[in-house]
Amino acid sequence: MAYRVLTLAKKGFLFCSFLMICGIVFYQWKTAFKDSDNTHPEDPIILHIRAPIVNADTSLQNRQLSTNVTSLQQSQLPTSTIASTLVGNNKTWMDKMEAIRNERLKCKDTVCKERSRLMRNSLLSSRGRFDLAYSNDDYKFLVTTVWKIGASHWKKVFRILHDNGSVEFRKRQPDPHKPMSKMQDFNEKLTNYFKVIFVRHPFARLVSAYRDKVNGTKIEFYRNKNREMLRKVRKGATAANIQAANVTFLEFITWVTTGGQTSDPHWRPINSKYPVCQIQYDFIGKLETISDDTSYLFKLLGVDGLVSYRGAYNHTGSGDGDLLKQYFSNIPTTMITKLTQVYNDDFRVFGYPIPKNYSDLFNENNLQGL
């Protein structure tokens, strides 16, 4: 009897040990997808992972992205403020998002035709311009990512889709973050894939870049860049001033407006880095409306069951608006005018109203534009 009790006790102990091991393995698996990237306070986008696709195969490559809208016309989701201003309330959420999409693309095409120089430049011939563009062969789409507009979060999206993608795709492209600039079928994808770019209010992006890369930076590369700024814009700067490398926001934007706008991709105007006017983008998203935009885009692509930006907040109101109030409150109107000239193409191509004075900067409608 004692032997049987001892045997049962041993079995019970082994069973409990097995459950504990399973629990540890499950916890590690569950947390394996957590982001290791640094997320800055001004850009708290949270990526949530849903159930992965099971038995993904080459049939994924046969999806017709442009026809997904029709099958989703009856989707009834919360209506965003901007969507309700464009079309009647009797339309579905997908109808309204489609209207926003068309308005943004129309704005881009119209401005690009007016500014022929944006159509004639040689940016498209340089593959290096697409060092931050990524593609997915299963769903046949590509995203041109831009610094300070959630670039690191898009890398997470492509990683998850790759991990759950078809065997053929993963064998053909082992690296989920292989940039478009290094792909042999670069031209084919640029022609045939569903093309996406996300943008942001130029001044909000500028403030974000200052907070992240200039103000109080500990990175020596940017400290040296700060010293370069001080030598150029601070009159009477001492050796100690330059060594300290502390640049005010006014000094930063003064430097930007006197030739420094293309010195770093974090604040370089988008249209001077990417050949936006030469590419027939299928979707232009905005950080100010990222919640609605990514929900719509993922439904359109057919990946909403796998990835989403659920939990992200739109960068208006208490987000970018308050930051603009804080940083531009003491900036002269003449400097605001100079900045709008530097980023004029971005304002116009992406449908952001050009601010004429300080009060225009934190108007929510002006922040998100079309």
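Rules behind the numbers
- Residues numbered from 1 in each chain as written.
- Predicted model: local features only at pLDDT ≥ 70, side-chain atom pairs only at ≥ 80, totals over all residues.
- Heavy atoms only, no water.
- Helix = DSSP H or I, 4+ residues; strand = E, 2+ residues; numbered from the N terminus.
- Buried < 20%, exposed > 50% of the residue type's maximum accessible area, 1.4 Å probe, protein only.
- Contact = heavy atoms within 4.5 Å.
- Phe/Tyr/Trp six-rings, centres within 6.5 Å; stacked < 30°, edge-to-face > 60°.
- Disulfide = S-S within 2.5 Å.
- Pairing = 2+ DSSP bridges.
- Lys, Arg positive; Asp, Glu negative; His and termini not counted.
- Salt bridge = Lys/Arg side-chain N within 4 Å of Asp/Glu carboxyl O.
- Core = buried A, V, L, I, M, F, W, Y, C linked by side-chain atoms within 4.5 Å.
- Axes fitted to C-alpha atoms, helices over the stretch in contact; angles between N-to-C directions.

### Observations concerning the overall build of the chain
Turning to step 1, where the next piece is worked out: Of regular secondary structure, the chain possesses 18 helices and six strands.
Turning to step 2, where the next piece is worked out: For the chain, the residues scored as buried account for 48% of the 370 residues in total.
Turning to step 3, where the next piece is worked out: For the chain, the share of sequence-separated contacts (at least 6 apart) that also reach a separation of at least 24 residues comes to 74%.

### A few points about the packing of aromatic side chains
Turning to step 1, where the next piece is worked out: The final tally for this structure, using the stated rule, is 18 aromatic pairs.
Turning to step 2, where the next piece is worked out: Note on F249 and F252: the rings are 6.4 Å apart at their centroids and 45 degrees apart in plane angle, and the pair reads as tilted. On the criterion of helical spacing, the pair formed by F249 and F252 is a turn pair, its members being three residues apart in helix α12 (residues 249-260).
Turning to step 3, where the next piece is worked out: What makes F249 buried here is its relative accessible area of 7%.
Turning to step 4, where the next piece is worked out: Ring geometry for F252 versus W267: centroids 5.1 Å apart, planes at 85 degrees, classification edge-to-face.

### Re the state of the cysteines
Turning to step 1, where the next piece is worked out: This structure, assessed with the given rule, holds one disulfide.
Turning to step 2, where the next piece is worked out: Covalently, C112 is tied to C277 through a disulfide, its sulfur atoms 1.9 Å apart. Here the disulfide of C112 and C277 is left-handed, its torsion about the S-S bond being about -75 degrees. One end of the pair, C112, is in helix α4 (residues 93-114); the other, C277, is in the loop between α13 (270-273) and β5 (283-286), with 165 residues separating them in the sequence. The residues C112 and C277 share a single accessibility class, namely buried.

### With respect to the pairing of strand β4 (residues 194-199)
Looking along a regular strand, one sees side chains alternate from face to face of the sheet.
Turning to step 1, where the next piece is worked out: In terms of residue burial, β4 counts as a mostly covered element, since six of its six residues are buried.
Turning to step 2, where the next piece is worked out: Here β4 shows two buried faces, one formed by F194, V196 and F198 and the other by K195, I197 and V199.
Turning to step 3, where the next piece is worked out: Relative to β4, strand β3 (residues 141-144) is paired through four bridges, and the arrangement is parallel. Note that in β4 the partner of V143 across the bridge is V196.
Turning to step 4, where the next piece is worked out: Of the strand pairs in this sheet, β4 and β5 are connected by four bridges, and their pairing is parallel. Counterpart to F198 in the pairing with β5 is G285.

### Structural notes on the side chain of D346
Turning to step 1, where the next piece is worked out: Mapping D346 onto the fold places it in helix α17 (residues 344-349).
Turning to step 2, where the next piece is worked out: For the buried D346, no salt bridge is present, and the opposite-charge side chain at shortest range is R205, 4.7 Å distant.

### As for the nonpolar core
Turning to step 1, where the next piece is worked out: Formed by 84 residues in total, the largest nonpolar core has its most connected members in F203, F249, F252, W267, I270, L297 and F328.
Turning to step 2, where the next piece is worked out: Among the elements that take part in this core, α4 stands out by supplying eight residues, more than any other.
Turning to step 3, where the next piece is worked out: Not counting residues within four places of it along the chain, the set of residues in contact with L297 comprises W154, F194, V196, F198 and F283.

### Some remarks on the sheet that holds strand β2 (residues 133-136)
Turning to step 1, where the next piece is worked out: Here four strands make up an open sheet; going across it, the order is β2-β3-β4-β5 and the pairing mixed. Because the sheet does not close on itself, it has two edges, and the strands there are β2 and β5. Strand after strand, the sheet turns through a mean of 20 degrees between neighbouring axes, direction not considered.
Turning to step 2, where the next piece is worked out: The sheet contacts of α4 involve β4 and β5, and relative to β5 the element is tilted by about 105 degrees.

### Considerations on the pattern of salt bridges
Turning to step 1, where the next piece is worked out: The tally for this structure, following the rule as stated, stands at 17 salt bridges.
Turning to step 2, where the next piece is worked out: Linking D293 and R104 is a salt bridge whose minimum nitrogen-to-oxygen distance equals 2.9 Å. Pair noted here: D293 is in helix α14 (residues 290-301) and R104 is in helix α4, with a separation of 189 residues, a long-range link. Taken individually, D293 and R104 each receive the classification buried, so the pair is uniform in this respect.
Turning to step 3, where the next piece is worked out: Residues D345 and R117 are paired through a salt bridge, measuring 2.8 Å at the closest nitrogen-oxygen approach. Of this pair, D345 sits in helix α17 while R117 sits in helix α5 (residues 117-120), and the two are 228 residues apart along the sequence.
Turning to step 4, where the next piece is worked out: Exposure remark for D345: the relative accessible area of 15% places this residue in the buried category.
Turning to step 5, where the next piece is worked out: Residue R117 is classed as partly exposed on the basis of its relative accessible area of 43%.
Turning to step 6, where the next piece is worked out: Taken together, the shared-partner salt bridges connect D137, R172, D185 and K189 into one network.

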